[in-house]
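Architecture and fold: a report
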Amino acid sequence: MTVHSIALGSLPSSPEQARMWCARLEEGGILYFPETPVSFPAEDLEFLLSRRQTGSKLHKNIAYKPGRDRLSGLGRDESGSEEAGRLQAILRRYSSAVSAFLAGFLTPYGGRWRLDFASYRPIEEKGRDLPLRRRNDLLHTDAFPTRPTRGARILRFFNNINPSQTRNWVVSEPFARLLGAFTPGKLALPRAADPLSRAARHIACATGLGALVPRWKRTPYDEFMMQLHNVMKEDADFQTTCAKEFVEFAPGSSWMVYTETASHAVLSGQYALEQTFLVDPSVMVIPGSAPVAVLEKMAGEKLT
Ligand code: SIN
Ligand code: FE
């Protein structure tokens, strides 16, 4: 079973239990809280749910960058608006509430993560018309096209804030099985970067050229993870024949998962909040469970 349910009454966890939760995550499990451990002001929830859908970027899925305290992707006229200010304040509160909860819950990691973007997802996922590689209703592992993690793991914490509808996912094979299905036949194993491409990457990162051509910022690890994401979505045969487990996340629930290794897709659901953490692979309680470690062992070379 991939989903491990955690009752609020069982918190806080003992140190041994906390290590066990980390281990469940690291081996590809989903930690599920039927009742969210993160509290929101009622007026924040009301505001998020009451907004009508218009053509405005403010009403699309929106990212919040905690480091810069900014919403991304808004037009100039939208970003100064009262609505944007309200949304930013809500996401700021959400981001710090989730961070505080995880600091006390995933104690074995000692806070060795970087706080990445948070997002607000008001769009109904069912029937979205997106280009294939951006579709989230196809099974995939996560990789960020413009923000390579250089080996850090992608831990995502979600809240289904919909008052009445479940958010519906499907999950598939564990990472080792996925690798077996795609490498080396459909996807070559990564190789260490040669000195020339390493130098090119340093220049791209130092000069800002990487912003123009994001691919130049990727280590061999990042490039492989991006390709894996793409080949999974593009493989119609895999999408229909792979093992599947359907998971429903209840209204008011939370869950977290390492999405760079646990293959997942969202089939339907509307109104979610999410916060991403980039976790240092060296603090895993199962040493060697990080995909960078798995791939380096297979390749016999350093990949970051
Ligand atoms: C995804 O990471 O593929 C989307 C998950 C979601 O929005 O529920
Ligand atoms: Fe995803």
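A few points on the structure. (Residues numbered from 1 in each chain as written. Chains lettered and ligands numbered in written order. Predicted model: local features only at pLDDT ≥ 70, side-chain atom pairs only at ≥ 80, totals over all residues. Heavy atoms only, no water.)

Okay, the nonpolar core next. Within the largest apolar cluster, 64 residues are counted, with the highest numbers of intra-cluster contacts made by L106, Y109, F157 and M256. The element contributing the most residues to this core is helix α4 (residues 82–105), with 9 residues. If sequence neighbours within four positions are ignored, L106 has contacts with C22, L25, W113, L155 and M256. One finds V3, I30, W169 and F249 within the second-largest nonpolar core, a separate group that totals 12 residues. (Core = buried A, V, L, I, M, F, W, Y, C linked by side-chain atoms within 4.5 Å. Buried < 20%, exposed > 50% of the residue type's maximum accessible area, 1.4 Å probe, protein only. Helix = DSSP H or I, 4+ residues; strand = E, 2+ residues; numbered from the N terminus. Contact = heavy atoms within 4.5 Å.)

To continue, consider the coordination of the iron ion (ligand 2). The protein atoms donating to the iron ion (ligand 2) are H140 (NE2), D142 (OD) and H264 (NE2), with metal-donor distances spanning 2.1 Å. One chain supplies every donor to the iron ion (ligand 2), and in sequence these donors are spaced H-x1-D-x121-H. Here D142, found in the loop between β5 (113–121) and β6 (153–160), pairs with H264, found in strand β10 (residues 264–268); they are 122 residues apart in sequence, far enough to count as distant. This pair shows no difference in class: D142 is buried, exactly as H264 is. (Donors = N, O, S within 2.8 Å, 3.2 Å for Na, K, Ca; no water.)

Another point: the pairing of β5. Pairing between strand β3 (residues 62–65) and β5: 3 bridges, direction antiparallel. Opposite Y64, over in β5, you have A118 as the bridge partner. (Pairing = 2+ DSSP bridges.)

Taken together, the 8 strands give an open sheet; going across it, the order is β1-β2-β9-β6-β11-β5-β3-β4, and neighbouring strands pair in mixed fashion. Because the sheet does not close on itself, it has two edges, and the strands there are β1 (3–5) and β4 (70–72). Sheet twist, expressed as the mean angle between neighbouring strand axes with direction ignored, is 25°. Looking at chain direction, β5 and strand β11 (residues 272–279) are connected through 7 bridges and run antiparallel. Within the sheet, the bridge partner assigned to S119 lies in β11 and is E274. Here helix α1 (residues 15–26) sits on the sheet in contact with β1, β2 (30–33), β6 and β9 (254–258), set at roughly 65° to β9. (Axes fitted to C-alpha atoms, helices over the stretch in contact; angles between N-to-C directions.)

Before going further, it helps to spend a moment on unusual backbone geometry. Look at the link from L11 to P12: it is a cis peptide, with omega at -5°. Note that the residue after T183, namely P184, is joined by a cis bond; omega there is -5°. Checked against the element boundaries, P184 lands in the loop between α5 (175–182) and α6 (195–207). Backbone geometry at D69 places phi at a positive 50°, although glycine is not the residue there. Position of D69 relative to the elements: it lies in the loop between β3 and β4.

Applying the stated criterion across every chain, the model contains 13 aromatic pairs. By way of ring pairs, the aromatic residues Y32, F158, W169, F249 and W255 are connected into one cluster. The ring of F117 has R147 sitting right over it, with the charged end atom 3.9 Å from the ring centre. We note R147 situated over the ring of F144; from NZ or CZ to the ring centre the distance is 4.4 Å. (Phe/Tyr/Trp six-rings, centres within 6.5 Å; stacked < 30°, edge-to-face > 60°. Lys NZ or Arg CZ within 6 Å of the ring centre and 35° of its normal.)

So, about the packing of helix α2 (residues 42–50) against α4. Two elements in contact, α2 and α4, have axes whose closest approach is 11 Å; the angle formed by their N-to-C orientations is 130°. With respect to α4, the element α2 is oriented oblique. For the pair α2 and α4, the crossing hand works out as left-handed. In this structure, α2 contributes E43, D44, F47 and L48 to the contact, and α4 contributes E83, R86, L87, I90 and R93. Here the contact of α2 with α4 is built from residues that sort into 4 nonpolar, no polar and 5 charged. (Parallel < 35°, antiparallel > 145°, perpendicular 65-115°, else oblique. Left-handed = near helix turned anticlockwise from the far one by under 90°. Nonpolar A, V, L, I, M, F, W, Y, C, P; charged D, E, K, R; others polar.)

Take the site of ligand 1 next. Taken together, R121, N136, H140, D142, R156, F158, R167, W169, H264 and V266 make up the full set of residues adjacent to ligand 1. Here R167 contributes a side-chain N or O atom positioned 2.8 Å from an oxygen atom of ligand 1. W169 has a polar side-chain atom sitting 2.9 Å from an oxygen atom of ligand 1. Tallied by class, the residues present in the shell around ligand 1 amount to 3 nonpolar, 3 polar and 4 charged. (Near = heavy atom within 4 Å. Polar contact = N/O pair within 3.5 Å; in protein donor to acceptor, adjacent residues only side chain to side chain.)

Turning next to the sheet that holds strand β7 (residues 167–171). Taken in spatial order, the 3 strands of this open sheet run β8-β7-β10, and their pairing is antiparallel. The two strands at the open ends of the sheet, each matched to only one other strand, are β8 (245–249) and β10. Direction aside, neighbouring strands of the sheet carry axes that sit 30° apart on average.

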